[in-house]
Amino acid sequence: MPPVFAHGRLRLYLLKLLDEAPRHGYEVIRLLEERFQGLYAPSAGTVYPRLAKLEAEGLVTHATEGGRKVYSITDAGRAELADRGGELADLEVEIRDSVTELAAEIRDDVRGAAGDLRREMRAAASASATRVEDESWKAAKEDLRKARQEWKEQARRAKDESRRAREEAQQARRQAKEAQERAREEVQRIAGQLQEQFARSGGVLGSLAGAWLGGAPAAGSADVSAAGADGDAGRASEWAADLAATGDPARDLDRLLDRFRDEVRDAARDRGVTSAQVAEARRHLEAACGRLGTTFGARS
């Protein structure tokens, strides 16, 4: 069987998939399997080393989300895709041809096995026909009948196993999709609860909300000056600028909250934290939350 991807072609196709949207390694493997209609699925040992090499070459980058690396294409990666546009078009044709060829080879293997069995049965029947003794002929016919029955049984079992494998694969994909949806709904539910709590608190997260949203401090945070608010607004355009928009506002908000949590936690771990600093952080968080609650309420 010829290789699915010629030398260097898998690398090019990984850039294409990441150009469509940021993805983690498992999602890249799943998409490749779908593109090949389940006839080919690369292993993790094939995909992850190539992603690491692309990152070392500066063509992709990654961010950690929920303990997993989410890979995104860089400007250098897009430039390489643009330079190799003709090669990418040829690769799409090769993929379609590979799917057709793989399917044809599987059909040929099945037909070849069936043809070999039929030839063996005809040979056995022909050999039996040359025998004179009635008992020998009857024994040959019985052997032929059993062989035919066994072949039919094997074919039926193979068909049943193939059907069960397809059903199990489909069920696994459905379960994985349902698990992702449940996780997403749970995150959105928790985010909604937090938003309601922030709105009821009258104030939670002022100077930080200014940094995120570039707005004025929330009520109750009069100690933040106009100059400070302007500085926060300037930082709002820079903070988390590396997190490209995905087109899903809920997911984009989750990523911003993850980045905020990680940076605060890292700062506390690296520099230490005191009770007085915790109290000060609480005041800042209260003010920022009030601003965020007002913003989300206005959008609804």
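Treat the numbers as computed from the prediction; the structure is a model and nothing was measured.

Some details on the overall build of the chain
Next, step 1: Each helix and strand counted, the chain has 10 helices and three strands in total.
Next, step 2: Taken from the N to the C terminus, the helices and strands of the chain come in the order α-β-α-α-β-β-α-α-α-α-α-α-α.
Next, step 3: With 300 residues in all, the chain has 26% of them scored as buried.
Next, step 4: Total accessible area on the chain is roughly 19300 Å²; 52% of this is exposed by carbon and sulfur atoms.

Notes on helix α4 (residues 75–83)
Given 3.6 residues to a turn, an α-helix orients residues that are three or four positions apart in the same direction.
Next, step 1: Those residues of α4 not exposed but buried are G77, E80 and L81. One side of α4 holds all its buried residues, which, seen down the axis, span an arc of 100°. The exposed set on the far side of α4, more than 90 degrees from its buried face, consists of D75, A82 and D83.

Structural notes on the confidence of the model for the chain
Next, step 1: Residues of the chain with pLDDT of at least 70 account for 72%, and the chain-wide mean is 77.
Next, step 2: Below pLDDT 50 for its whole length, residues 201–229 participates in 72 contacts with residues either more than four positions away or in separate chains.

As for the sheet that holds strand β2 (residues 60–65)
Next, step 1: As summarised here, the arrangement of the three strands in space is β1-β3-β2, forming an open sheet in which the pairing is antiparallel. Of all strands in the sheet, those with a lone pairing partner are β1 (23–24) and β2, marking the two edges.
Next, step 2: For β1 and strand β3 (residues 68–73), the ladder comprises two bridges, and the chain directions are antiparallel. Counterpart to H24 in the pairing with β3 is V70.
Next, step 3: Against the sheet, helix α3 (residues 44–56) touches β2 and β3, its axis set at about 115° to β2.

A look at the pairing of β3
Next, step 1: Sheet topology note: the β2/β3 ladder contains six bridges and is antiparallel. If you follow A63 over to β3, its bridge partner there is V70.

Comments concerning the nonpolar core
Next, step 1: In this structure, L14, L15, L18, V28, L32 and V47 are the most contacted members of the largest nonpolar core, which totals 23 residues.
Next, step 2: Those elements giving two or more residues to this core turn out to be α1 (9–20), α2 (25–35), α3, β3 and α5 (85–129).
Next, step 3: Looking at this core, the element that brings in the most residues is α1, giving seven residues.

A few points about the packing of α2 against α3
Next, step 1: Interaxial distance between α2 and α3 falls to 10 Å at its minimum, and their mutual angle equals 120°. Taken together, α2 and α3 sit at an angle that is classed as oblique. The interaxial crossing formed by α2 with α3 has right-handed handedness. Contacts between α2 and α3 involve G25, Y26, V28, I29 and L32 from the first element and A44, V47, Y48 and L51 from the second.
Next, step 2: Residues that form the contact of α2 with α3 fall into these classes: eight nonpolar, one polar and no charged.

With respect to the pattern of salt bridges
Next, step 1: In the structure shown here, the tally under the stated rule is 27 salt bridges.
Next, step 2: A salt bridge links R30 to E27; the shortest N-O distance between them is 3.9 Å. Placement of the pair is R30 and E27 together in helix α2, with a separation of three residues, close to one helical turn.
Next, step 3: Under the relative-accessibility criterion, E27 is labelled buried at 18%.
Next, step 4: Here R84 makes a salt bridge to E87, at a shortest N to O gap of 2.8 Å.
Next, step 5: Taking relative accessible area as the criterion, E87 reaches 27% and is therefore assigned partly exposed.

Regarding the side chain of D160
Next, step 1: In this structure, D160 sits in helix α6 (residues 134–201).
Next, step 2: Residue D160 is classed as buried on the basis of its relative accessible area of 16%.
Next, step 3: There is a polar contact of 2.8 Å between the side chain of D160 and the side chain of R156.

Remarks on the environment of R166
Next, step 1: Examined against the element boundaries, R166 turns out to sit in helix α6.
Next, step 2: On the basis of relative accessible area, R166 is assigned to the partly exposed category, the value being 48%.
Next, step 3: Sequence-wise, R166 and G38 are 128 residues apart; in three dimensions their C-alpha atoms are separated by 9.3 Å.

Observations regarding the environment of F260
Next, step 1: Tracing the chain through its elements places F260 in helix α9 (residues 249–271).
Next, step 2: Taking C-alpha positions, F260 is 8.8 Å from A240, a pair spaced 20 residues apart along the chain.

What counts, and at which threshold
- Residues numbered from 1 in each chain as written.
- Predicted model: local features only at pLDDT ≥ 70, side-chain atom pairs only at ≥ 80, totals over all residues.
- Heavy atoms only, no water.
- Helix = DSSP H or I, 4+ residues; strand = E, 2+ residues; numbered from the N terminus.
- Buried < 20%, exposed > 50% of the residue type's maximum accessible area, 1.4 Å probe, protein only.
- Areas by Shrake-Rupley, 256 points an atom, 1.4 Å probe, with all protein chains shown as cover.
- Arc of directions from axis to C-beta.
- pLDDT = per-residue confidence, 0-100.
- Contact = heavy atoms within 4.5 Å.
- Pairing = 2+ DSSP bridges.
- Axes fitted to C-alpha atoms, helices over the stretch in contact; angles between N-to-C directions.
- Core = buried A, V, L, I, M, F, W, Y, C linked by side-chain atoms within 4.5 Å.
- Parallel < 35°, antiparallel > 145°, perpendicular 65-115°, else oblique.
- Left-handed = near helix turned anticlockwise from the far one by under 90°.
- Nonpolar A, V, L, I, M, F, W, Y, C, P; charged D, E, K, R; others polar.
- Salt bridge = Lys/Arg side-chain N within 4 Å of Asp/Glu carboxyl O.
- Polar contact = N/O pair within 3.5 Å; in protein donor to acceptor, adjacent residues only side chain to side chain.

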